[in-house]
Structure formats: C-alpha cells, structure tokens
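For reference, the chains in residue letters:
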Amino acid sequence: MSTAHDSHDGAVDTATGVSTTGHEWDGIRELNNPLPRWWLWVFYATIVWAFGYWVLYPAWPLISSHTTGLLGWNSRSAVAMQLQDLQALRAETSMRLTNASLEEIEKTPDLLSLARAEGRVAFADNCAPCHGAGGGGAKGFPNLNDDDWLWGGTLADIQQTITHGIRSGDDEGHQGNMTPFGGVLSKADISAAADYVLSLSGAGPADTPSAKKGAAVFAANCAVCHGADGKGKQELGSKNLTDGIWLYGGDKATIMQTITNGRGGVMPAWAGRLSPTTIKALTVYVHTLGGGQ
Amino acid sequence: MTAPAVKTKTPPAAASADDAPLYEARRQIYPQSVRGRLRTIKWIVLAVTLGIYYFLPFVRWNRGPGAPDQAVLIDFPARRFYFFFIEIWPQEFYYVAGLLILAALILFLMNAVAGRVWCGYLCPQTVWTDLFMAVERLIEGDRRQRMVEDAGPWTLDKFAHKLMKHSVWLLIAWWTGGAWVLYFADAPTLVHELATFQAPTVAYVAIFTLTFTTYSLAGHMREQVCTYMCPWPRIQAALTDEYALNVTYRYDRGEPRGSVKKAAAARAEGKPAGDCIDCHQCVNVCPTGVDIRQGLQLACIQCGLCIDACNNIMDKVDRPRGLIAYESEANLEARVAGKPPVRRIVRPRTILYTALIVFAGGLMLFTLANRANEGLNAIHDRNPLFVKLSDGSLRNAYTLRLINKDLAERGFILTATGVPGATLSVVGTEGGPEGEVVTVGPDQTREVRVLLTTKDRLAPGTSLPVTFQIRDQKSGATATAVDHFIGP
Ligand code: SF4
Ligand code: SF4
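Computed from a predicted structure; not experimentally measured.

S.K.: I keep staring at the overall build of chain B and nothing clicks. Help me out?
M.R.: When helices and strands are counted, chain B shows 16 helices and 16 strands. Relative to a compact globule of 488 residues, whose C-alpha radius of gyration would be 23 Å, chain B shows 33 Å and is clearly more extended. In terms of overall dimensions, chain B has a C-alpha envelope of 115 × 60 × 50 Å along the principal axes. In chain B, which comprises 488 residues, the proportion classed as buried is 44%. Contacts in chain B between residues far apart in sequence, at least 24 positions, make up 68% of those at least 6 positions apart.

S.K.: So what exactly am I meant to see when it comes to the nonpolar core here?
M.R.: Residue and element names in this part refer to chain B. In this structure, I292 and I324 are the most contacted members of the largest nonpolar core, which totals 23 residues. Where this core is concerned, the elements lending two or more residues are α3 (117-122), β6 (245-249), α13 (281-284) and α14 (305-316). For this core, the element with the most residues is α14, which contributes 5 residues. Excluding its chain neighbours within four sequence positions, the residues that come into contact with I292 are V247, Y249, C282, Q297, C300, C306 and I324. Grouped together as the second largest cluster of nonpolar side chains are 21 residues, Y398, L414, V426 and F468 included.

S.K.: For this particular structure, what's the right way to read the side chain of N246 of chain B?
M.R.: Within the secondary structure, N246 of chain B sits in strand β6. The residues contacting N246 of chain B, other than those within four sequence positions of it, are G115, R116, T240, L296, Q302, A325, Y326 and E327 of chain B.

S.K.: Just checking my understanding: could you explain the site of ligand 2 for this structure?
M.R.: V247, C286, P287, T288, V290, I292, C300, I301, Q302, C303, G304 and C306 of chain B make up every residue found near ligand 2. Along the lines of polarity and charge, the residues of the shell around ligand 2 split into 9 nonpolar, 3 polar and no charged.

S.K.: What is the right way to read the domain arrangement of chain A from this model?
M.R.: By a widespread convention, an interface's size corresponds to the accessible area lost as its parts come together. Residues and elements named next belong to chain A. One can read the domain layout of chain A as domain 1 (77-173 + 267-287) and domain 2 (187-261). Taken residue by residue, the interface counts 13 residues in domain 1 and 10 residues in domain 2. When domain 1 packs against domain 2, the two sides together hide about 890 Å² of surface, and 58% of this comes from carbon and sulfur. Our enumeration of links across domain 1 and domain 2 arrives at 0 salt bridges. Across the domain 1-domain 2 interface, the total number found is 1 residue pair in polar contact (both at pLDDT 80 or more). Tallied by class, residues from the side of domain 1 that touches domain 2 come to 6 nonpolar, 2 polar and 5 charged.

S.K.: Would you mind going over the sheet that holds strand β3 (residues 72-75) of chain B with me for this structure?
M.R.: Think of a sheet as strands paired side by side through backbone hydrogen bonds, with each pair either parallel or antiparallel. Residue and element names in this part refer to chain B. Pairing in this open sheet of 3 strands is antiparallel, and the strands run β3-β4-β5 from one edge to the other. Of all the strands in the sheet, the pair left with one neighbour each is β3 and β5 (86-88). The mean angle between the axes of side-by-side strands here comes to 10 degrees, regardless of whether they run parallel or antiparallel. Pairing of β3 with strand β4 (residues 80-83), which is carried by 4 bridges, proceeds in the antiparallel orientation. Looking at β4, one finds that I74 is bridged to F81.

S.K.: Explanation requested: the sheet that holds strand β11 (residues 410-417) of chain B in the structure shown.
M.R.: Residue and element names in this part refer to chain B. In space, the 4 strands of this open sheet follow the order β13-β11-β15-β16, with antiparallel pairing throughout. Edge positions in the sheet fall to β13 (436-440) and β16 (478-486), since each of these pairs with one other strand and no more. Averaged over neighbouring strand pairs, the angle between their axes works out to 30 degrees when direction is ignored. Where strand β15 (residues 463-472) and β16 come together, 9 bridges link them in antiparallel fashion. Bridge assignment links I470 to a residue of β16, and that residue is A479.

S.K.: Just checking my understanding: could you explain the site of ligand 1 for this structure?
M.R.: Residues and elements named next belong to chain B. Close contacts around ligand 1 come from 13 residues, with C276, C279, H280, C282 and C310 the closest. When contributions to the shell around ligand 1 are tallied by element, the ones reaching two or more residues are α13 and α14. A per-class count over the shell around ligand 1 returns 9 nonpolar, 2 polar and 2 charged.

S.K.: Explain the confidence of the model for chain B to me, please; I cannot follow it from the model alone.
M.R.: Residue and element names in this part refer to chain B. When pLDDT is averaged across chain B, the result is 88; 95% of the residues are at 70 or more. Within the model, the stretch residues 1-15 combines pLDDT values under 50 with 21 contacts to residues more than four positions away or in other chains. Confidence estimates for the predicted assembly give a pTM of 0.74 and an ipTM of 0.73.

S.K.: What is the right way to read the side chain of R80 of chain B from this model?
M.R.: Residue and element names in this part refer to chain B. Tracing the backbone shows R80 in strand β4. A polar contact of 3.3 Å, which involves the side chain of R80, links it to the side chain of E87. Engagement of the side chain of R80 in a polar contact is seen with the backbone oxygen of D443, the distance being 3.0 Å.

S.K.: Could you clarify how one ought to interpret helix α3 (residues 75-99) of chain A in this entry?
M.R.: Residues spaced three or four apart along an α-helix point in a common direction, a consequence of the helix completing one turn every 3.6 residues. Residues and elements named next belong to chain A. Between the first and last C-alpha of α3 there are 36 Å, a value that for 25 residues agrees with the 36 Å anticipated at 1.5 Å per step. At T93, α3 is deflected by roughly 35 degrees, the largest bend along its length. Residue N74 occupies the N-cap position of α3, its side-chain oxygen lying 3.0 Å from the main-chain nitrogen of R76.

S.K.: When you look at the environment of L464 of chain B in this model, what are you seeing that I'm missing?
M.R.: All names here are of chain B. With respect to the helices and strands, L464 occurs in strand β15. In this structure the C-alpha to C-alpha distance between L464 and P420, which are 44 residues apart in sequence, comes to 9.5 Å. Other than its neighbours up to four places away in sequence, L464 contacts G418, V419, P420, L458, D483, H484 and F485.

S.K.: Can you help me understand the packing of helix α1 (residues 37-55) of chain B against α14 of chain B in this one?
M.R.: Working note: a packed helix pair is described by the angle between its axes plus the distance between those axes. Residue and element names in this part refer to chain B. Between α1 and α14, whose axes approach to 7 Å, the crossing angle comes to 145 degrees. Touching R37, L38, R39 and K42 of α1 are L305, I307 and D308, all from α14. Across the contact of α1 with α14, the residue classes tally to 3 nonpolar, no polar and 4 charged.

S.K.: Where do I start with the packing of aromatic side chains in this structure?
M.R.: Aromatic ring pairs: the centre-centre distance and the angle between the two ring planes describe each pair. A full pass over the atoms with the stated rule returns 26 aromatic pairs over all chains. Geometrically, the ring pair formed by F123 of chain A and Y285 of chain A is tilted, given 5.4 Å between the ring centres and 55 degrees between the ring planes. Of this pair, F123 of chain A sits in helix α5 (residues 109-126) while Y285 of chain A sits in helix α12 (residues 276-290), placing them 162 residues apart in sequence. For the pair shown, F123 of chain A and Y285 of chain A are each scored as buried. Between the aromatic rings of F76 of chain B and F184 of chain B, the centroid separation amounts to 5.8 Å while the plane-to-plane angle is 10 degrees, which identifies the pairing as stacked. Residue F76 of chain B is found in the loop between β3 and β4, and its partner F184 of chain B is found in the loop between α6 (156-182) and α7 (187-195); the two are separated by 108 residues along the sequence. Residue classification places F76 of chain B among the exposed positions, given a relative accessible area of 60%.

Reading the values: rules and limits
- Residues numbered from 1 in each chain as written.
- Chains lettered and ligands numbered in written order.
- Predicted model: local features only at pLDDT ≥ 70, side-chain atom pairs only at ≥ 80, totals over all residues.
- Heavy atoms only, no water.
- Helix = DSSP H or I, 4+ residues; strand = E, 2+ residues; numbered from the N terminus.
- Rg over C-alpha atoms; globule rule 2.2 N^0.38 Å.
- Buried < 20%, exposed > 50% of the residue type's maximum accessible area, 1.4 Å probe, protein only.
- Contact = heavy atoms within 4.5 Å.
- Core = buried A, V, L, I, M, F, W, Y, C linked by side-chain atoms within 4.5 Å.
- Near = heavy atom within 4 Å.
- Nonpolar A, V, L, I, M, F, W, Y, C, P; charged D, E, K, R; others polar.
- Domains from an automatic or database assignment.
- Buried area = accessible area lost by both parts, 1.4 Å probe.
- Salt bridge = Lys/Arg side-chain N within 4 Å of Asp/Glu carboxyl O.
- Polar contact = N/O pair within 3.5 Å; in protein donor to acceptor, adjacent residues only side chain to side chain.
- Pairing = 2+ DSSP bridges.
- Axes fitted to C-alpha atoms, helices over the stretch in contact; angles between N-to-C directions.
- pLDDT = per-residue confidence, 0-100.
- Expected span 1.5 Å × (residues − 1).
- Bend = angle between axes of the 7 residues up to and from the residue.
- Phe/Tyr/Trp six-rings, centres within 6.5 Å; stacked < 30°, edge-to-face > 60°.

Laid out in structure tokens, this is it:
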C-alpha cells in the first residue's frame, strides 16, 4: 500500500500549500488533492454493484461451465422470449394474408407489400440456395424472373408447386421425367435430334441433312411429351424447346447429354415445413418477380 | 518555462501527502442573494428558457387531418420529427447533424466574444441550480440565516424548512422529467395517460430518471458538476484568447485592499490605495464559492453575479463601478502598461466563426426551403441482372421507392426513358390511359416493383442509362432517379 507514497517527494506546492504526488510532466507536478466525497461514494457503489451482479447474473467461468446466477437469466432464453413476442406480433398482421385470396393480395397495395416483405425473407431463407438471392436461378434451377414456367406460372400454379414440390415424393407433387434415350436411340440419331432441337429455337440451321433426319427422330420419340411443334406441355412439365430459354444449357453437347441421360431435378415440397400463410406470401413474391404466365 | 511552481521545502504537517485525507467533504456554499443588471438578465433568461422547456409541448400546430398537431414532436414509432412547419424524415437526419454543428459554432463564437456566457447564463445545470437556489432562499432565508440554521441543532422549524425545501425541489424535478416525455407523444393525451397510470412504462422510467438527476444535480451537486464532471471548462480554456471578455477583477484598480477609512487616509497622504474594501461580497454571492480576486479560474462559471455585488458596494463607498467587470486580458494589460484601451471583438476567429455560422445556417435554410416534397429511389435487381423472355425480348427489373412528403395522397405517373422500344409495367397495378399511375398515401413512401421490357435487339454487352421519372398528376411536380438497363 505504501508504494504509491514512496514516490512522494515531500514537496509542497507554494501557491496552494498542497503536497504533490511526485508525478511530473514537463515541469508540471500533480497536486495530491483528495477526491470529492460523492465521487468516492459512486466508486464504492460500483464495487458493491459488481458483487450483486456476480450473485444474480451469470458471471464467473468455471472449468466446464459458468456460474448461473440466482435470477436464472441467460441471453438464450431472453432471445427466445423476444422471438415469441415478435411472433405473436406478426401473427396479427399475418392473419390478413391468411384470410385473403392470392388475387386479392396482389391487387391490394398494402397486402401486396406485406406479402412481398414476408415472401422476400422466406425466399432468402428457403429458396435462395437453389434459385439464387433474387430468383435468378442457375444451371438446373429455373430462373423465376422470366416467363418460362415448366409447371405453369399463374398464382395457383406457383402455390401448387411450392406446396407439393416436383418429383419430391409428395403424392400431389408434379411427376414426370425427361426419359433417358441413351439405350434407345443411336448416337447418330441423338446427334440429329439435337440438331433439330437447336433449329427449333433458332440457334441452328433447319435445312441441314442432320436436322432433317432429326425431325423424324423427334416426331417418333419426343413429340409425345414436347408436342409436335416442340412447344412443350405444361401438364407434363415438358420444356418449350422453341423459346431459347434453357434450364441445363442450349449448346449441342448439353442437349445431347440431356437426351442421352434424361433429366429429373427435384424441388422439395414445402407443405409442413412452411406455414400455409408463408407459402402464400412466397407465392405472391415469386409471382411478382417476373409476372409469371 | 523553467521556473517550476513547486519549491521543495519541509512540508508542514497538514500538507504531508501521507496525511492527506482520502476524500474531501464538499465545502457547503451559501450563495447570498444579489440584485443588479446581470442578475436581472439571468432571471429573464431563466424564465424564458424554462418557460419554453415546460410549455412548448402544449403548443399546437395544425398540420391537417391524420398528422399530429403538436408543434414540436419527436415521433419515434412513425420516425418523424416535427418542428413547427418543418417535418424531418429519417433520411434527412443531416438537418439534426447540421443543428449540432451550428450549436457548436455558436458556442465557439460566444466563447471568443465573452468567455463562458454559456456556463453562466444558458447551461441547464446553471439555470436549474439557480431555480433550486431561489426556492431554497424563499424557504430557508438568505445566506446568513441558512448558515445559522444549518449549524444549529435540529428544531421543528429547521425540520419543517428542510421538508418543505426538498418537497418543492422534488416537485420541480418531477415536473422537469414529466415535461421531457411530453416531447415524444401527444402531450395532452400523455398527461391523461400518465395521470391514469396507462402510459407506457418507458415514460415512467424516463420521468423517474430525470426527477432523480434534476433533484441531485441541481439540488445537491451544483457547482461540483461544473468543477468535476463537466468537460466544457477544460475545452473552453483552449478556445479562449486574450481578447475574450471574461469576468475579471481589475487588480490594478483594487490593490492594495483596505477598509474605506484606511484607503481614505492613504489617499490623503498620497500613498497608493485600492478600491477593493475587502468586504467579501463578491465571494459571498458566488454560486461556485470562487474568489474572483485570485484571477480567472476553472470553477468560475462567469455568471457575473460578483460584478453586480461589487458594483453595489462601489455605489455605497462612492467609487466608480466596474472594479469587477467583463474585461479582456489584453485590455487589462494595456491599462496596466498605460497604453490606450484594447477592444477587439472583430478579429480573425470571431469573423471565422460568424462566417461559418452564417454559411451552415444559410445552407440549411436554403436546402430546407428548396427541398422537394416528392422523391424517387431506384434499385436494380442484381440476381438476375436481366432476363430473356420466351419471345426473345429483354427485361430488367427494378425496385422503386416513391416518397410523398405531402400531407395528402398523391398519384404519380411513372415513366422511364433511355431504352429504345421499352415498355414499363408496375407489378400489382394496371396501367391507365396516362401510363402507369402509382398512388402514395399522405406522408408516406411506397415501394413498387417495376419491369422494363424491350423487344428491340440490343448490342451485346449493352448497358444503357435509364431515367425514371414520377410526375404528380395534379401539381406536375417531378422527381427522377437514374439507373441502368443491362443486356447480355
Ligand atoms: S465585492 Fe468588490 S470591494 Fe468587496 S471584496 Fe469583492 S472586489 Fe473587493
Ligand atoms: S466568480 Fe463571479 S462570475 Fe465567477 S462564478 Fe463566482 S460569481 Fe460567477
């Protein structure tokens, strides 16, 4: 305790008659003035406060855990409680979405912005990993901003797809694959069919011998699903081959790969994982991304 | 620079560092009442500032239906700040920043002209302390009576006095906290809610906190706040210079001190005699317990009460007023040296501060007067940047935010220019004959999703600047936002 005073040089400031602490900066010495009493009281009060805090709240680390405090408070349960409050608050506004039809929501400005706000968050949490943050899609994952909808782009179609998924194992989900023709058609036929498909979308010439041969292959094997004109059939989820929009890629090698091995991407069913109201909000959000068709 | 103020000598017992007490009890100060010009100014400032503070929330201002009719209101839930005819939106917070800058500059200017006028006249700590002291004086009497009573034994009278004083203090403190919360909600409604215990908890907590701080700071801590807690005395010392007017004891006139008689005798003999009669009035009236005759010091808040006190004495002893006065260091030195007086209010730093104040204030007024009541922001979709539609046309999507600061609903016609052959559609609305019309409610913003589609073939790698414009259907006022149209 005496160390602080050991440095004390016994000097007294002549102007004030107060002794100095012995600390000196640039010839200025510190007076050893006492602290104001209230200041000390506040200081002691903070020390007392600390003891109270240690007893009441989680404070001290132990070897494998920590002291829990008499109040039993912890930040996890506090967050859980706040979340509950928030959900209760949200439930009220969500009720309006629950009660309105999809078309109503889209026509009422404040419901629309509510649905879009809720949908945007649900999309970011659940859909963005596959479809991208803005629904831009990726190879094998449809772009939700364009007007090309394999299973239909109306509000009802989108709701159905989100709820039950595609090849998801859900009985009401969309079924149907692109059949692999690898063992059925010869390589040459597949190549010819690919040339014909390219010509359908305007990406290749239609009058080459290969494309002409491909037309016959197409009529025999592909027209069943994709239609004689190649425009696809929504009830089968078969792709429109004439619009230049490709899910897996529109170059010849990729098209041949598709014909040879088939395709069958999976979209999970979200019923049960998301509440019907959230699915509604998501439907509206996705529909307003590009308008659908 | 060399001669240290501290000389080493054998310390007297009381001054030994080892004997120094750990804490110092506060020296109770009993400021005496005083009359005079500066005291009157202080009373007026007190009445005006406290009057504004306590009653401003009750001033009404008609903003039309649906908008709050309180003249000054900080509306946190709606994120609006109302100040008479001005309404500040969150994104216009720079006005508040501007006000703070302006306040700092004005403080600097005040300081350059007349030292700590802020401390002595306008600081809330000074104003409320003054009020609390007035209450104290009214109930317990002036300096001498208070000293006698405090030193004496507890009597019924003393108890009654103390009880009364603290009750009135607490009442004022409580009203101070109460007035504070009224700035954050409709005042009459909140008063009613408070009285019926239906106000939000935060209101009660705020009132309690401010009651406590007002009571302890103005009632008990007083000058200690200025001397120990407030940073401004330290800062202002760096902002002042030798031309600033400060409350100053003119030692050249006052010294040597002595009684009226002694001074008269000395003068008769032709010996030097000062005007100060060492009556201690200047010390007795000082709210911080300072002896101004020791020179400018940190604890002096420059309230000027010692000037009034000393002037009264000078009148009585028939000497000219102004032994203590607002005086600059430069002038004092000039007078001591027998040179002509120095008065320099206009000097580089005051010119600079004034210019900055005029500039900042003018800029704010200008932008405030010319700010638009409508606004438009555009954000381009990033994923995807563009989409190709099945018929080969190209589409970009944007999120537009329309701002309507009018207190009435408005319809805006939305157009986009810059992209050849482009059609614009707003998700969720059906375009009318005039094009896409978006209505925005009074004093609100609305976010809409906008699709811009063109059938024209664009060159590869295209990025065209596109200008969105909204035009008020009625007034024709416009706002624009610029973004880009991106192609493959
Ligand atoms: S009030 Fe004036 S005369 Fe009296 S002590 Fe102070 S300076 Fe001297
Ligand atoms: S010394 Fe004078 S000016 Fe300074 S605080 Fe005291 S009374 Fe006020």
